[in-house]
Every structure is written in C-alpha cells, then in structure tokens.
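Results of the structural survey
Here is what each chain is made of, one letter per residue.
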Amino acid sequence: MATKTSTRASGYRCSECGWTTAKWVGRCGECQSWGSVAEVGAVTVRTTAAARVERPALPIGDVDVRRAEARSTGVDEFDRVLGGGLVPGAVVLVAGEPGIGKSTLLLDVAARAARSGGGRTVLYVSGEESAAQVRMRAERIEAMATTLFLASETDLATVLGQIATIEPDLVVVDSVQTISSGDIEGSAGNVSQVREVAASVIQVAKSRGIATLLVGHVTKDGSIAGPRVLEHLVDVVVQFEGDRHSQLRLVRAVKNRYGPTDEVGCFELSDAGITGLADPSGLFLSRSTLTVPGTCVTVTLEGRRPLMTEVQALVAKSEIPTPRRATSGLDSARAAMIIAVLAKRAGAPIGSSDVYLSTVGGVRLTEPASDLAIALAVASSVMDRPLVERSIAFGELGLAGELRPVGGIPRRLAEAARLGFRTAYVPAGVLTKGQAPTGMRVVECADIRSAVHSALQPAHG
C-alpha cells in the first residue's frame, strides 16, 4: 500500500513575481528584482500516493478534436488575435493599462456571444464596478442581451458559486486582481491571492469546458502585474496597446496555445464603444498631401496583415553639450544604432544635433524592416530634402551599413500599390521576376549610402 511522507523546510518567496527558493538570496532568480525575496514560513514538501484513475488515457487517434474547435466571439478583429475565436475551456488573460478599453471590449464580446446562435449563456463578473455601472455601459455601447448575466463580486467562493448556479458557456472576470479568497492571507491583488484566484477559476474552466476571459492589470513598465506563474497557467495572453490620448487601440497576442502570436487586431475607441478596423493602414499616415523633409513611409507585417506606417524625424542643432535622442513609437536603442550607422557609413552630420523620431497614429514599430525608413527620414531631415513623392522604403540595416533582406516582399509591395505609392526602395536581391506590382518602380539598394542617394530628391538651386 502506498504511503504519504512529508518533510518541512523554510521557504522564501519573491514579493514581485512569486518565485520561491529554499534559501534566502538578495536577487530574485525569476524577475531579477533586488531585495524582494523574504521568508514566508514553513513549506511542506509531500510525496503523494497514486490515486484511482477516473478518466483513463486514450490513444491519440481516439481524442475528440471537436472539443478544441474555436467559436467566434462576434468581433472579427478579436477573433483574428485569438486564432479564430474562443475554444471551450480556454482561459484568456487580457492585460492593459487602466482606461485603455479592456472592459469595454470584453463587455461587447460578452453581449455578442450571448446574442449568437446556440443559446450561449454568459456570466460577466465585475470586481471593480457595480452591476448598475456595468448596465449603464452596456446600454451606451448597445451590449444588452437576455442571456448575459451580471454579478458584482469580489469573493472567490461567491464567484465560483455563481458559475455553478448559472452554468455559463463564457465567463468574464474583471479583474483577477480584485477577487480574493478567504482561505488565503493578505489583501486582494497580492501574489498569493492572485495565484489562488487564477488557479481556482482555471480549474473550473477546464473541468466544465467554460471559455474564460480574465482581465489583468499592468505595472508601470507595462508588464502584467502579479506572479509570472499567472501567464504560464493561462492558455492565451492578450496585450492591449495604444496611446490613451488617441482613439486607436491595438490588441496583440503574446502567448497563444491555439493560434499564432504574430497577429494584431486594430480597434477604434469612441463614446459609442469599441469597433474593429479591418483596414487600418490609413490611420498611420499623415493627412498632408505635401512632401516635406523628414518623413518616410514603410510597410510592416503584423502577422499576415501589412500596415502602412509613416515615420517622422526632426534633426535640429543642439544647444547642450550632449545632444538629445528622443523617440515615440520606436525602440530607443534601435533608433540610436540607426543614427550611428547613418553618421558613420553615410557621412551624415548628426553628431552635434538633437534627433527626434516619431510614428504617426500612435503605432509602435518593432520590426527590423522599418530600419531603412527610419534612416531615410533622418537623412531627409538632415539634408532638408524630401524623399521622392509617393515612395516607401523597407529593409533591415546592419552595422556595416548594408541592407539585409526581409520577408513578405509581395504583400508589402501590393499593399503600397493599393494605396497609391509608386516607388519602393528595398534591399538588393529580394525581388524575383514578376513580384513588382504593375505601375510601381522598385529600386534595389545595396547599402545605406546608395539608398540615401537614390531616395532623396535633388537639391534645388
């Protein structure tokens, strides 16, 4: 007969991410925070006896794949990010800054799911607002449905009781940091509470086949608040991005067990709610029809979707010994590298000048294919000469000044041609015969010096 043994040892836990260790250390081994590891009392280590198997393992060919089929949420852009929709039993963590539109989007998703065919029942649990406040928002964004149930609860046991009573097909918990368990010490939102709440909700979702959406707060640096184990437990992690002063919102999947992680959903937030944008390219271009120095348009690929984005640069004489390098929507370290390559390999006189770089529309560029557009925008501002009219540029820039190939050339060129661009500057050797759209001139450049020489309009006078 199997036995159960136990030993006891002192334990230490990081207050930032929940990482545990048997001995004290000054720096957390998970999140690298200093001074965050403290003793949490005795930790019991057990050896558990084997239990009776109620659901024996099946041959892989006998597993019913229909249980993993995604069902549409009714919001096309959200389905794109999720990989087709919500899978029964899947747990999705939706993170983002306060006021960015998480609750508005999920309330719209809950109402559309409740109104869809099949008699789906949806439970919306709000730990931050009363049921009356949620009802007012639902009326404002037209998210009313007869099978959408609201509950304003902060106690974990009560939330689980609501799920057992209603037996919903979809549960929305807003937010996981506001729910607490009476069996765990500490206030709502601490490491132990978040871990217990998430584990309990996930266990119910998996055992009952309930699709679940968890709202999560973020810290000052933009990472998800609470223990990192929360991101490991859930099936999908979705991040909200966007400037709070802009109406544009981007939803990006950073983890997805059911689909790709390179897709982006585009939404517009307004007083009437949040709506998906199937063709958002025009939002990232300036409305001016004049060609001015310091601007360049590039094409980035977010999953299978090409997006036209304009990069703007301003180079001005510095009044301080150390020139400024300010960026908005771009990685500051990558921008500094591009400026250094431009000064060294193309001879641009930037050393004593302030450089300001920004993207239009609040979009954030992370793809290396935007390197050439950033470099051309800076060179255009330095020389005070605009680029060739209706032109685009994309390509990765190396430290030696060479231009490296990027993927998705046909899709990038096709999107640019659709929006009326007639000239494209690309790395040499990326095109094969017949890839250039009709009516578009494609200029292949081997390095940054040749790209600057080809793209800038001749000086007048």
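Preceding block: the structure.
In this text the structure is predicted, and so the values were computed from the model without any measurement. (Residues numbered from 1 in each chain as written. Predicted model: local features only at pLDDT ≥ 70, side-chain atom pairs only at ≥ 80, totals over all residues. Heavy atoms only, no water.)

To describe a pair of aromatic rings, one takes the distance between the centres and the angle between the planes. This structure, assessed with the given rule, holds 0 aromatic pairs. Lying over the aromatic face of Phe394, Arg412 brings its terminal NZ or CZ to 5.5 Å of the ring centre. (Phe/Tyr/Trp six-rings, centres within 6.5 Å; stacked < 30°, edge-to-face > 60°. Lys NZ or Arg CZ within 6 Å of the ring centre and 35° of its normal.)

Before going further, it helps to examine helix 5 (residues 191–208). Under the 1.5 Å per step criterion, the end-to-end length of helix 5 is 26 Å for 18 residues, consistent within 8% with the ideal 26 Å. Of all the positions in helix 5, only Val191, Gln193, Val194, Val197, Ala198, Ser200, Val201, Ile202, Val204 and Ala205 are classed as buried. Looking one or two places after helix 5, you find Gly209, whose phi comes out positive at around 70°. (Helix = DSSP H or I, 4+ residues; strand = E, 2+ residues; numbered from the N terminus. Expected span 1.5 Å × (residues − 1). Buried < 20%, exposed > 50% of the residue type's maximum accessible area, 1.4 Å probe, protein only.)

In this section: the sheet that holds strand 6 (residues 148–151). In a beta sheet, neighbouring strands are held together by backbone hydrogen bonds and run either parallel or antiparallel to one another. What the 9 strands build is an open sheet, ordered 6-5-7-8-4-9-10-11-12; its pairing is mixed. The open sheet has two edge strands, strand 6 and strand 12 (273–276), and neither has a second partner. On average, each strand axis in the sheet is tilted by 20° relative to the strand beside it, whichever way the strands run. Of the strand pairs in this sheet, strand 4 (residues 91–95) and strand 8 (residues 211–216) are connected by 5 bridges, and their pairing is parallel. (Pairing = 2+ DSSP bridges. Axes fitted to C-alpha atoms, helices over the stretch in contact; angles between N-to-C directions.)

Interaxial distance between helix 4 (residues 156–166) and helix 5 falls to 11 Å at its minimum, and their mutual angle equals 10°. What the angle tells us is that helix 4 and helix 5 run roughly parallel. As helix 4 runs across helix 5, the sense of the crossing is right-handed. When helix 4 is examined against helix 5, the residues Leu156, Leu160, Ile163 and Ala164 are found in contact with a partner set consisting of Glu196, Val197, Ser200, Val201, Val204 and Arg208. A breakdown of the residues in the contact of helix 4 with helix 5 according to their chemical character gives 7 nonpolar, 1 polar and 2 charged. (Parallel < 35°, antiparallel > 145°, perpendicular 65-115°, else oblique. Left-handed = near helix turned anticlockwise from the far one by under 90°. Contact = heavy atoms within 4.5 Å. Nonpolar A, V, L, I, M, F, W, Y, C, P; charged D, E, K, R; others polar.)

We now examine the packing of helix 8 (residues 371–383) against helix 10 (residues 448–455). Relative to each other, helix 8 and helix 10 sit at 60°, their axes nearing to 10 Å. Judged on the interaxial angle alone, helix 10 and helix 8 are oblique. Between helix 8 and helix 10 lies a crossing whose hand is right-handed. On the side of helix 8, the interface is formed by Leu372, Ala375, Leu376, Ala379 and Met383, while helix 10 contributes Ile448, Ala451, Val452 and Ala455.

Glancing now at the pairing of strand 6. Where strand 5 (residues 122–126) meets strand 6, 4 bridges bridge the pair, whose relative direction is parallel. Following the sheet pairing, Tyr124 is matched in strand 6 by Leu150. Regarding the hand of the β-α-β motif, the stretch spanning strand 5, helix 3 (residues 131–140) and strand 6 is right-handed. (Right-handed = clockwise from strand over helix to strand, strands pointing away.)

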